[in-house]
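# An overview of the molecular structure
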Amino acid sequence: MRWIRRRCRGARGEKELDCVPILPDLMQRGLYLSYTPTRVSGHCFCRSIRFEVNGPEKFACLCYCESCQRAAGAPVVAWATYEKESFEVKSGTMCWRQSSPGATRGHCSDCGSTITYENEQRPGEIDITVNSLDDPVGPILRAHIWTEDKQPWTIFGDELPVYKQNIGQE
Ligand SMILES: [Zn+2]
Ligand SMILES: [Zn+2]
């Protein structure tokens, strides 16, 4: 894989990242997979769970699917994707729950905060809730996904690409 240095567009403006192009559709839209390993940390609401993962993220987006809404009790969840093998729980006990076929969500067993999402279709990757990170401003959010499930009063305040379902599914 050939990494190139380029500017990436996100919800909070542009940043320079080491990147590799991913799906052609995303390339056209100026969306790239980023790669510059640095250790990122985070914690759950009650601070029982503390975790670390190698970042920055490979990708990050805002998900409006019904499962995320129910799991978080919120209209939208921001997710950042990392290499699963780099995810390390430093303290506390995670509770793992199969939330739909092939999908597992990880919560804090004490306070129930949603921390992780894994899908069998993306082995080796783990998604982490951006708002569990110590620095939620770090990941560059690049798309709105599963917007067909969003509540009518959820309104987008940026120009990121909007997908009715997942990226590459429409
Ligand atoms: Zn907790
Ligand atoms: Zn979702």
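Keep in mind that this is a model prediction, so the values were computed, not measured. (Residues numbered from 1 in each chain as written. Chains lettered and ligands numbered in written order. Predicted model: local features only at pLDDT ≥ 70, side-chain atom pairs only at ≥ 80, totals over all residues.)

### Observations regarding the overall build of the protein chain
Here is the rule: Secondary structure elements follow DSSP: runs of H or I no shorter than four residues count as helices, runs of E no shorter than two count as strands, and numbering proceeds from the N terminus. A residue is called partly exposed when the number of other C-beta atoms within 10 Å of its own lies between 12 and 20, exposed at 12 or fewer, and buried at 20 or more, with C-beta atoms placed from the backbone. Any two residues are considered in contact once their C-beta atoms, placed from the backbone, lie within 7 Å.
Scanning the protein chain from N- to C-terminus turns up two helices and 13 strands. The 170 residues of the protein chain split such that 29% are buried. Contacts spanning at least 24 positions in sequence make up 51% of the contacts within the protein chain whose residues lie at least 6 apart.

### Details of the sheet that holds strand β8 (residues 88–91)
Rule in force here: At least two DSSP bridges between two strands are required for those strands to pair. Convention adopted: a line fitted to C-alpha atoms gives each axis, helices being fitted over their contacting stretch, and angles between N-to-C directions are expressed from 0 to 180 degrees.
Strand order in this open sheet of three strands is β4-β5-β8, and the pairing throughout is antiparallel. Of all strands in the sheet, those bounded by a partner on one side alone are β4 (38–43) and β8. Taken pair by pair, the neighbouring strands of this sheet meet at an average axis angle of 30°, ignoring direction. Bridge count between β4 and strand β5 (residues 50–55): six bridges; the pairing is antiparallel. Opposite glycine 42, over in β5, you have phenylalanine 51 as the bridge partner.

### Section: the pairing of strand β10 (residues 103–108)
One face of the sheet, then the other: side chains in a regular strand alternate in exactly this way. Where strand β9 (residues 94–100) meets β10, six bridges bridge the pair, whose relative direction is antiparallel. Within the sheet, the bridge partner assigned to methionine 94 lies in β10 and is cysteine 108. Linking β9 to β10, which pair antiparallel, is a turn of two residues; within it glycine 102 sits at a positive phi near 85°. Looking at chain direction, β10 and strand β11 (residues 114–119) are connected through five bridges and run antiparallel. Within β11, the position partnered with glycine 106 by the bridge is threonine 116. Linking β10 back to β11 in an antiparallel pair, the connection comprises five residues, with glycine 112 at a positive phi of about 85°.

### Looking at unusual backbone geometry
The backbone of arginine 47 sits at a positive phi, close to 70°, despite the residue not being glycine. Structurally, arginine 47 is set in the loop between β4 and β5. Taking the number of C-beta atoms within 10 Å as the measure of exposure, arginine 47 has 13 and is therefore partly exposed. A positive phi is found at tryptophan 146, a non-glycine position, where the angle reads about 55°. For tryptophan 146, the position within the fold is in the segment after β13 (144–145).

### What about the pairing of strand β6 (residues 59–63)?
Most of β6 sits inside the fold, with five of its five residues counted as buried. Side chains of β6 alternate between two faces, with Phe59, Cys61 and Cys63 and Ala60 and Leu62 buried alike. In this sheet, strand β7 (residues 77–83) lies alongside β6 in antiparallel orientation, the contact comprising five bridges. Each residue of the ladder has a partner; that of cysteine 63, found in β7, is valine 77. Where β6 meets β13, two bridges bridge the pair, whose relative direction is parallel. Note that in β13 the partner of leucine 62 across the bridge is histidine 144.

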